[in-house]
Every structure is written in C-alpha cells, then in structure tokens.
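Single-letter residue listing:
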Amino acid sequence: MSAEPASLVGVRFEVDVGSVAHGGHCVARHEGRVVFVRHALPGERAVVQVTEGHEGSRFLRAEAVSVVTASDDRVVPPCRFAHPGGCGGCDWQHASIAAQRRLKAAVVVEQMQRLGGVDVHVEVEAVPGDVDGLGWRTRVQYAVDPDGHLGFRRHRSHDVVPIDECLIAHPLVRSSGATAHPWVDRQSVEVLASPSHDRVLVLPRPAAKADKPGHVIERAAGRDWRVSGSGFWQVHPGAADALIDAVLGAVDVSMGESAVDLYSGVGLFAGLLGERVGPLGSVVAVESSAGAVRDARRNLHDQPQVRLVHARVDRWLGSAAAPAHTNVVVIDPPRSGAGRRVVDAVVGLTPRVIAYVACDPAALGRDTAYLRDAGYALTSLRGFDTFPMTHHVECVAAYLPA
C-alpha cells in the first residue's frame, strides 16, 4: 500500500503574487504549482504559509503571513480580527476601498469572459450611504464557540474565532449586546437590524419555546417591507434602493405591460414593477419560501395586479400555470444562479427584456452563456459594492433578443 502524500500545511515560502481570483484571494505560483493566497494583493511579494494541500495536490491554499514588497493599495486592516488565521468573514480589509472595487470589477470581467464568452467593462459602484466600507451589515449570523462566546469561523474552517465587536456590522447590531451575552445552549445567533425603524432583533438558534420569531420592517423605494425572522433582505442599507434603480432602469417597464418576477422573495421587485404597470398591467411573482410569500402578501396587499405564486421557479415555469408570453422578466436567483433549465424556460416566454440580479459573478457568467445560446444578448452590466471588505459583489445585467 502506497503512503499518503505528505501534508504541506504550515510550510512557508516566498511568492510573487499575481492577479485576483474569484473567492477573495490572488493567484501565485511556486515550483510550478498554483497557490491561492489570501491576505495578499496583486503585484506583491510575500511570504506565504500553506493552509491546505499536500505533496500530490494540483494547487495549494495559503495565507500571506508577511509582505516583502507591498502594493500601494495596501492599508492597515481596521479590524484587529482581520489577519491570517483570524476571522474568515472579511477578505479585503488589507486593501483600500478603491482597490477593493477594482479587484471586484476585475473578477466580474474575468468570469464574464471565461464563463460567459463576452467581453465587458464594468465599474463596481458604491451604494448610497456607504462610509469607508464599515458599519453597514444589518444582518449578522454569529457562530457560538464551546464556551458560549459569539464569533465567526476561520476561513474554510469550523473553528470559531470569538469576537467582541465586528466593524462591518451596523451600529444597531453592535449595540444589541449579543456579543456580551453567554450562549452556551445555542448553536448560532442571528442579529437583524432595521435602521429605518431603529429596531434590532436577536434570534438564537435553536430557538427556545419562549423565543418569538418576530420580524423587522425595512424601508426601500418609499415603501415599508415586512421581512419575517431571518428571511432574505439585502444586508447593506443602501443596497435595495441601488438595485431597484438599476433593475427598473434596465427594463423600462410601461403602464399596461406584463412582467414576471422570479425568486421574488418578499416582493421587492414585484411591488415596484406593479406600480409601473398599473391596474391595467400584470405581474406574477414566484417564490419557493412560504414565509416570504406570506410577507409579500402583506407587503403588496394594495396591488391586485400582482399575483403571488408559492412554487419552485423551475417547476412553475414548466407548468401550465406559466404564461405563454410576458413583456418583462426579472430574475434574482440564489448564489447558485438560475441554471439552463430556468433560462431556457424564461426565453420561452419571449420577453422583450430580461433583467438578472446576480450575487455571484461565476453563476452570472454561466447563465449569460445560456442566454446567448438561446438568442439573448447582454446589453448592459452594472456592479455594486453591497458587501464592502468581502469578495462579494452584486451585479445587474440586462439582455435583449439578439
């Protein structure tokens, strides 16, 4: 029996750091092998320490433990937990905000070219209210360590790093007192803040019988939106309005038109589409979460032109309940994207325009290729820095029949 390849975890060596890659790291090479390096920036020379990999690995993962030659974009991380071996929540605290947005734009461009087969130019825009990339996260999911302390997991690890303050968390979250409370009987704690209504909700998991599920009221586009429990809502206070403006600008919907909103959540896009198509138009909003549909029913009770459907998107599109045609389709899928089956069904509705809201540029690139193969061409693409200090980026793409 052959011996297991020797682990390289903990081994250190120097590398020249290359381009940024999707996932919050940069690409380097050592002795002919690719190394994905966190806590580094393109153009730097750094000493890295291997965190994953063995002698037989095709690639290694590593962290930059010291910088020999620093990039002009490097800054001191504002958070004391953002360092090699520390909290895995933030990817780019060691880069200036301007550099972070350039890095995210580079990732979007690369993914769209490699997976989507299209060459694009995109700038990642700040969203309204952003202040140096800090104090924005209104929804924070804490892990609990064996001693009951709240914290976040190390990168690609189940280990919990206890923290007493998260600098990207909204001030309401930080003032909730959750990190000062012992949580020995819980697995996680979620803190939800509603800045527009000055309310914060603490949700331990698993919930005790006495814990009330509760909800928060969010504000966007001049309306209030109920979001129950830990239901989905954009975590940056300025994100919802930024994405609404981008989507409505992309589809330019008119009175009397028809629209379909897929993965509609609590009804954000459906509600704004409903206002614009008016009582003579129609909007069908499809969502698989029963709780989100209940919230949407409450949020859109004043819009009879919006029909709410509780169903899986792919199944509904393949059923007789789906319309034969619609003017506008808005797709806001989970991180995994829509996929070929949904894309082909959307194209079968022959919309004059499709707007796609993407939280993962790889999924967006793949689905762009599916749309291109089905006869729809990418006509616009905008990026938004809805998750400063992390590698995540939100995009809004528009497609027209080719």
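Residues numbered from 1 in each chain as written. Predicted model: local features only at pLDDT ≥ 70, side-chain atom pairs only at ≥ 80, totals over all residues. Heavy atoms only, no water.

Caption draft 1: Up close: helix H8 (residues 361-373). With 13 residues, H8 extends 18 Å from end C-alpha to end C-alpha; this agrees with the ideal 18 Å at 1.5 Å per step. Burial within H8 is extensive, with 10 of its 13 residues counted as buried. Looking at the buried positions of H8, the neighbouring elements they touch are helix H1 (97-114), helix H7 (340-348), strand S18 (353-358), strand S19 (376-384) and strand S20 (394-401). A distance of 2.9 Å separates the backbone nitrogen of Ala-362 from a side-chain oxygen at the start of H8, and that oxygen is part of Asp-360. (Helix = DSSP H or I, 4+ residues; strand = E, 2+ residues; numbered from the N terminus. Expected span 1.5 Å × (residues − 1). Buried < 20%, exposed > 50% of the residue type's maximum accessible area, 1.4 Å probe, protein only. Contact = heavy atoms within 4.5 Å. Polar contact = N/O pair within 3.5 Å; in protein donor to acceptor, adjacent residues only side chain to side chain.)

Caption draft 2: The packing of H1 against H8, seen in detail. As a packed pair, H1 and H8 sit with axes 8 Å apart at the nearest point and diverge in direction by 30°. Classified by the angle their axes make, H1 and H8 are roughly parallel. You can see that H1 and H8 cross each other, and the crossing is right-handed. Where H1 abuts H8, its residues Val-107, Val-108, Gln-111 and Met-112 lie against Pro-361, Ala-362, Leu-364, Gly-365 and Thr-368. When grouped by side-chain class, the residues that make up the contact of H1 with H8 number 6 nonpolar, 3 polar and no charged. (Axes fitted to C-alpha atoms, helices over the stretch in contact; angles between N-to-C directions. Parallel < 35°, antiparallel > 145°, perpendicular 65-115°, else oblique. Left-handed = near helix turned anticlockwise from the far one by under 90°. Nonpolar A, V, L, I, M, F, W, Y, C, P; charged D, E, K, R; others polar.)

Caption draft 3: A look at unusual backbone geometry. Across the junction of Arg-205 and Pro-206, the peptide omega takes the value -5°, indicating a cis bond. Within the secondary structure, Pro-206 sits in the loop between strand S11 (199-205) and strand S12 (215-220). In the Ramachandran plot, Ala-221 falls in the positive-phi region, its phi being about 55° despite a non-glycine side chain. Relative to the helices and strands, Ala-221 resides in the loop between S12 and strand S13 (223-228). We classify Ala-221 as partly exposed; its relative accessible area is 30%.

Caption draft 4: How the structure looks around the pairing of strand S2 (residues 25-30). Bridge count for strand S1 (residues 12-21) against S2 is 3 bridges, and the pairing is antiparallel. Within S2, the position partnered with Ala-21 by the bridge is His-25. The hairpin turn running from S1 into S2, its antiparallel successor, is 3 residues long, and Gly-23 in that turn takes a positive phi close to 120°. Bridge count between S2 and strand S3 (residues 33-38): 5 bridges; the pairing is antiparallel. Paired with Arg-29 across the strands is Val-34, a residue of S3. Between S2 and S3, which pair antiparallel one after the other, the connecting turn spans 2 residues, and Glu-31 there sits at a positive phi close to 55°. (Pairing = 2+ DSSP bridges.)

Caption draft 5: Quick peek at the pattern of salt bridges. All told, the structure shown has 26 salt bridges when counted by the stated rule. Measuring nitrogen to oxygen at the nearest pair gives 3.1 Å for the salt bridge that ties Asp-130 to Arg-101. On the criterion of sequence distance, the pair formed by Asp-130 in the loop between strand S6 (124-125) and strand S7 (139-144) and Arg-101 in helix H1 is long-range, its members being 29 residues apart. Residue Arg-382 pairs with Glu-125 through a salt bridge whose shortest N-O separation is 2.9 Å. Of this pair, Arg-382 sits in strand S19 while Glu-125 sits in strand S6; the two residues are 257 residues apart in sequence, bridging distant segments of the chain. For Glu-125, a relative accessible area of 27% translates into the label partly exposed. Shared partners join several salt bridges into a network, and the residues in it are Arg-101, Lys-104, Asp-130 and Asp-385. (Salt bridge = Lys/Arg side-chain N within 4 Å of Asp/Glu carboxyl O.)

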